[in-house]
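# Report on the structure
Residue-level listing of the chains:
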Amino acid sequence: MNLQAKLVRSMVATLALIASAVLIAVTSLHIWSARTTHALVEAKIEESIVRKGYGLASNEAQALRELVADNAFGDVRRLVKSTLHDDPDLVYGLFLAADLRPWVYVSPDSVDGASPERWRNLNIGSLLLNPLTPESQRRRLFDQEVFEFAAPVTDESNTVVGTIIYGVSGIPLALALERARSASRELLAVTILLIVFLIVAAMAVGVLLVRKAAARISQPLSELTQAATAIAAGQRNVRVSIKSHDELETLGHAFNQMVSELAESYLRLESLNRTLEERVADRTAALGARNRDLRLVLDTVNEGLLTISPDGLLSEERSAKIDQWFGPYAGPTRFVDYLARIDPVFADSFALSHEALVEDYLPMSLVLAQMPARLQAGGRQFEFAYLPIDAGTIKQGLLVVINDVTDRAALMQQEAEQKEVLAALQAITQDRNGFLSLFDDATSLIQRLAYETNDLETTRGLVHTLKGNAGGAGFNLVAELCHKMEDELAGAPATPGARPAARSFAALRDRWETLNHTVSKLVGQRGRQVIEIAVEDLNRLRDELDQGMPPRMIREQLARWQLEPTERALFRLGDRGRTLAAVLGKGDVAVAVDGGGLRLDPKRWARLWSELTHVVRNSVDHGFLPVAQRIAAGRPAPQLHLRTYLDEQGQGNALTVEIADNGVGIDWERVKRAAEKRGLPAVTEADLTAALLVPGFTTRDELSSTSGRGAGMAAVYQLVREWNGRVSVVSRPGTGTIWRLTFFGSMLGPGEGADTSTSGGGGLRLLAVPTNS
C-alpha cells in the first residue's frame, strides 16, 4: 500500500469514526428526549383522567343526595345508566348503600335483569367502599387499564348514606401514548436518514480533498525514494527537484546537499581505504610476530596457563605444559569434560563453582576461594589458581594458572613428618612415661579400628579420640588424617559390619606404623623399662634406710615409684588446653593442678587421660570467649582447674577427676532445643546432662576441626560406663562448668591411692581390691 492510499484510508477511517460518534450521540439524545416527552404526556393525560373522575364522582354524589334520601331507587338507576351512556370513557358504575347493598351496577358484561350483586366480582378495595372523601385507585379490569373513583353520598346531617363508584377507561391514555411513540419513531428515522446522507456526502468530499493533498505529499516522497534507491545502486550524481513551497521542498534541498557531501566522503573514504589496507598488512605482520613470541613463551614456561570462556569452553591458546600434563587439545570442548577423564570429582566440583560464578548470586572472591585447588594426575599433584580476566567480573572468562607442586608437597610432607618426630623426641625428653602411655593408648585405638568390628558411632568416637590425642602430642599429620576420616565417616551409612573410610584409615595406619618405628628407635626396648625417680625421692629413701626403715615400707616405697603421680597427667591436659586456646584465639589460660598426692598405674589409666582430652577441649572451645569478646563483656581471664582426689564411698574409696573452668557455662536452653529436635528427653537437668553425652549430639551449627561432631563427650561417657563409673556436671550461665568423673574402689588396684608421705601420713594407703580387678 502506497502513501497516498494510506492517507486516504486513514481519512476515511477518521470520518467514519466521527460519523459513528455523531450518529450514536444524536440517536441517544433523541431516545432520551422521546422518553421524557412520553412520560410528560402520560402524566398530563393521567392528570386529566383523575380530574375528570374526581369531578364526576363528586358531582354524582351531590346529585344522588336527595334521591337516596327519598329512596328513589329507579331514579338512581336511571341516573347512573344515563351517565355511562353519555360518557363512552366510563367502564362501569356502581352505587352502594351504607350497608353495602347495591342499588345499581352497570358494567360491560352486565345485562338487563342481572343481579346487582355481581359487583362483588370487582373485588373493590376497602378504601373505595368506605370513603370519607373522594378516593381513587388504578388497576386492570375488563382487559384494560381502569381508573376507579369513589365519593361518599351524605344526607343533610352529613351522615354517609351511600357510595358512588365509577370506573374510567385507560384506553384513551394508551392510545395517546402509542401515537406519541409512533411520531417519535418516525422523527428518529427521518433524523438518521438525514445524518447518514450528510455523512456520506462529507466523506465523499473529504476523500477527494485527501487524495489531492496526498498526491502533493506522496509525489515528492516518491521522487526522494527513487533518488535514494539510485544512490544505493552506486549513482552519485542523482539530484531531486521539488517545488512544493513547504517542508518537503526544504527536505529536497537537504537531500541534495547530503548527496553532494556523501560523494565527497566516498572520495575521501576510497583514499583512506587504500591507506588502511597498507596499515592492516603491517599490523597483521606485527601481530603474527607477537603471536609467535607469545607461543614461544607459553611453550617454555613451567606453569600451565589456559583461559576459559564465560560458558565454560576451553580456549585453544594454552601453554605446552597443559598438553604435557593432561593430554592434547581436541578442538572446542568444555573444561569440565576435559578434566572429567582425569578426576571426575574435581570436574564436578569445578562445574558447581563455575555455575555459581555465572549466576553471580555469591561474592566472586568467596566462590573463587571455594573452587577446587588440588588435582592428582599421573602420580603428580597440581595446584590450581583462578583469576578473572576482567577484574571483578566473569564476562571475559577465567585465567587458570596450574603449578606442579609434587616436589613441594613432598617437601612439606617431609617437614611435617620431621616435626612429628621432633614432637615425639621433646615429649620423651620432658615426660617419658606420660608420652609412652599416650602413645600406647593411641596404638591401642589404631588396633581397635583395624581388627575390631565396631558400629559406626563407636568408630567415630575412636577416631575423634585419636585425633584429640594426636593433636595434643604434636602429631599434626595424624590429626589431619583423622579429620579427613571423620569427614568421610560423617556421610557413611550405618551398615552393620561395614568398614567405612577404608582408604583414609589405610593412610592413617601407615603413618602410625612409621611413627611407631621411629618412637621405638628413640626409646629402645630398655627405655620402656626405665622408671623415673626424682632426686629428692631418692634422697628421702636413703635417709629412711639409714634410719632403719622396715622392709615392708621399703617394698611399698618401691611399688609407689612404679606408679605415676596424677599431677603429671593433669599437667599434660593443662598444656593441651593452653595450646588449643592459643590456636583458637582465646588468649592465655591459667592452669591450676591439684593431684591430691595420688599415684596411678600409667598403663591402666592411660585411656582415661586420653579421653579427658575431650573434656578439656570442650571447656576451651565452648566455655571461653575470644579475647576481644571477653574483654568487651568484662569477663575474667580464662582459668582451668584440674584435680584428683579420693572420696569415701560406702565400703571403699572412690577416685574423682574434676575439670573446672570459669567460662560462660553451658547454655541449657540451647541444649534443650537441640535435644527436643533430636527427640531426646529434655525435661529435667538429668535429661539434659544425658543428652550432652549422646553420640552425635552437638549444639554447634557449624563444623570445625575441634568441635561440632558430638563424638568427644560420647567417647568419655562410654569409658565411664565401661568402668562402672559416674559422670556429672554442674554449670550455670556466666559462672563456668565443673565436670566430675568418679570411679569406685573396684577400679583401683593394689598400691593405687594417696601418697600419704606428702600429707604427713605414716605410709601408703592401700585398697583391699584383687590384683586382677
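Before reading further, recall that the structure is shown in the block above.
Quick summary incoming for the structure in this document. (Residues numbered from 1 in each chain as written. Predicted model: local features only at pLDDT ≥ 70, side-chain atom pairs only at ≥ 80, totals over all residues. Heavy atoms only, no water.)

Scanning the protein chain from N- to C-terminus turns up 22 helices and 19 strands. Of the contacts formed within the protein chain by residues at least 6 apart in sequence, a portion of 60% connects residues at least 24 apart. As displayed, the protein chain has an accessible area near 43400 Å², and 55% of this comes from carbon and sulfur atoms. (Helix = DSSP H or I, 4+ residues; strand = E, 2+ residues; numbered from the N terminus. Contact = heavy atoms within 4.5 Å. Areas by Shrake-Rupley, 256 points an atom, 1.4 Å probe, with all protein chains shown as cover.)

Take the sheet that holds strand β3 (residues 135-141) next. The strand order across the open sheet formed by five strands is β2-β1-β5-β4-β3, and the pairing between neighbours is antiparallel. The open sheet terminates on both sides in strands that have one partner only, identified here as β2 (102-106) and β3. Each strand axis lies, on average, 15° off the axis of its neighbour in the sheet, ignoring direction. Strands in contact with helix α2 (residues 73-86) are β1 (90-97), β2 and β5 (160-169); relative to β2, the strand with the most contacts, it is inclined by about 20°. Of the strands in this sheet, β3, β4 (144-154) and β5 are in contact with helix α4 (residues 171-232), which crosses β4 at around 140°. (Pairing = 2+ DSSP bridges. Axes fitted to C-alpha atoms, helices over the stretch in contact; angles between N-to-C directions.)

With that settled, the discussion passes to unusual backbone geometry. Despite not being glycine, N71 shows a phi value in the positive range, around 55°. Relative to the assigned elements, N71 resides in the loop between α1 (3-69) and α2. Of note in this structure, D143 is not a glycine but carries a positive phi near 60°. By the secondary structure assignment, D143 is in the loop between β3 and β4. Assessed through its relative accessible area of 73%, D143 is described here as exposed. (Buried < 20%, exposed > 50% of the residue type's maximum accessible area, 1.4 Å probe, protein only.)

Glancing now at the nonpolar core. Among the nonpolar cores identified, the biggest contains 42 residues, and W605, L608, W609, L612, W739 and L741 are the most heavily contacted of them. If one sorts the elements of this core by residue count, helix α18 (residues 606-623) sits on top with six residues. With sequence-adjacent residues up to four places away left out, L741 is seen in contact with L608, L612, L655, T656, V657, V716, V720, R726 and V727. By size, the runner-up hydrophobic cluster in this structure holds 29 residues, among which are L445, L456, V478 and V519. (Core = buried A, V, L, I, M, F, W, Y, C linked by side-chain atoms within 4.5 Å.)

What follows concerns the pairing of strand β6 (residues 304-308). Burial of β6 is one-sided: the residues G304, L306 and I308 facing one way are buried, the residues L305 and T307 facing the other way are not. Across five bridges, β6 lies against strand β11 (residues 393-404) in antiparallel orientation. From the neighbouring strand, I308 faces β11, where its bridge partner is L398. As judged from the two bridges shared by β6 and strand β7 (residues 313-318), these two strands associate in the antiparallel manner. Across the sheet, residue L306 finds its bridge partner in β7, namely R318. Two successive antiparallel strands, β6 and β7, enclose a turn made up of four residues, where G312 displays a positive phi of approximately 90°.

For any two aromatic rings, the description comes down to two numbers: the centre-to-centre distance and the angle of the planes. Taken as a whole, this structure holds 17 aromatic pairs when the rule is applied. Where Y54 meets F149, the ring centres are 5.4 Å apart and the plane angle is 70°; that geometry is what we call edge-to-face. Note that Y54 is positioned in helix α1 and F149 in strand β4, a separation of 95 residues in sequence. According to the relative accessible area criterion, F149 is buried, its value standing at 1%. A connected cluster of aromatic rings, assembled from ring pairs, spans W325, F326, F335, F346, F350, F382, F384 and Y386. (Phe/Tyr/Trp six-rings, centres within 6.5 Å; stacked < 30°, edge-to-face > 60°.)

This part takes up a nonpolar patch on the surface. Together, L262, Y266, L269 and L272 make up an exposed nonpolar region whose accessible area comes to about 340 Å². Within the secondary structure, L272 sits in helix α5 (residues 247-300). (Patch = residues over 30% accessible without salt bridge, like charges linked within 9 Å, V, L, I, M, F, W, Y side chains within 5 Å. Salt bridge = Lys/Arg side-chain N within 4 Å of Asp/Glu carboxyl O.)

Pairing is antiparallel across the open sheet formed by six strands, whose spatial order is β8-β7-β6-β11-β10-β9. Each having just a single partner strand, β8 (333-334) and β9 (374-377) make up the two edges of the open sheet. Helix α8 (residues 344-359) rests against β6, β9, β10 (380-390) and β11 of the sheet, and its axis sits at about 150° to β11.

Taking 1.5 Å per residue as the helical rise, helix α17 (residues 566-583) with its 18 residues ought to reach 26 Å, and the 26 Å between its terminal C-alpha atoms agrees with that figure. For α17, the set of buried residues is T566, A569, L570, R572, L573, G574, R576, G577, L580 and A581. Taken from the residues just after α17, G585 is the one with a positive phi, measuring 75°. (Expected span 1.5 Å × (residues − 1).)

Summed over all chains, the structure comprises 19 salt bridges. R643 is the salt-bridge partner of E658, the closest N and O atoms lying 3.1 Å from each other. Pair noted here: E658 is in strand β16 (residues 652-661) and R643 is in strand β15 (residues 639-649), with a separation of 15 residues, a long-range link. Classification of E658 as buried rests on a relative accessible area of 6%. A residue is classified by how much of its surface remains accessible, and R643, at 25% relative accessible area, is partly exposed. A salt bridge links R740 to E658; the nearest nitrogen and oxygen atoms lie 2.7 Å apart. In this pair, R740 sits in strand β18 (residues 736-743) while E658 sits in strand β16, placing the two residues 82 residues apart along the sequence.

The subject of this paragraph is helix α20 (residues 668-677). For α20, the set of buried residues is W668, V671, A674 and A675. Buried positions in α20, seen along its axis, are confined to an arc of 120° and lie on one side of it. Of the exposed residues in α20, the ones pointing more than 90 degrees away from its buried face are E669, R673 and K677. Packing partners of the buried residues in α20 comprise α21 (685-692) and β17 (726-732). In the stretch just after α20, G679 is the one whose phi turns positive, near 80°. (Arc of directions from axis to C-beta.)

With that settled, consider the side chain of H30. With respect to the helices, strands and loops of the structure, H30 is situated in helix α1. Ignoring any residue separated from it by four or fewer positions in sequence, one finds H30 in contact with S184, L187 and L188.

Quick look at the packing of α17 against α18 now. Describing two packed helices takes the angle between their axes plus the distance from one axis to the other. The N-to-C vectors of α17 and α18 enclose an angle of 40°; their axes lie 9 Å apart at closest approach. Comparing their axes, α18 and α17 come out oblique. Considering only the axes of α17 and α18, their crossing is right-handed. For the pair formed by α17 and α18, the contact residues are T566, A569, L570, R572, L573, R576, G577, L580 and A581 on the first element and W609, L612, T613, V616, R617 and V620 on the second. The residue inventory of the contact of α17 with α18, partitioned by class, reads nine nonpolar, three polar and three charged. (Parallel < 35°, antiparallel > 145°, perpendicular 65-115°, else oblique. Left-handed = near helix turned anticlockwise from the far one by under 90°. Nonpolar A, V, L, I, M, F, W, Y, C, P; charged D, E, K, R; others polar.)

Attention shifts here to the side chain of H614. Within the fold, H614 resides in helix α18. Excluding residues within four positions of it along the chain, H614 makes contact with H464, T465, G712, M713, A715 and V716.

A few words on the environment of P310. Examined against the element boundaries, P310 turns out to sit in the loop between β6 and β7. Measuring from C-alpha to C-alpha, the distance between P310 and T393 comes to 9.8 Å, with 83 residues separating the pair along the chain. Residues contacting P310, with those up to four places away along its chain left out, are H354, V358, I394, K395, Q396 and G397.

Another aspect to go through is the packing of α20 against α21. Where α20 meets α21, the axes come as close as 10 Å, and the angle between the chain directions of the two elements is 70°. Relative to α21, the element α20 lies roughly perpendicular. Residue-level contacts link W668, V671, K672 and A675 of α20 to L688, T689, A691 and L692 of α21. Here the contact of α20 with α21 is composed, by residue class, of six nonpolar, one polar and one charged.

So far we have only geometry, and geometry alone does not tell us how the molecule works.
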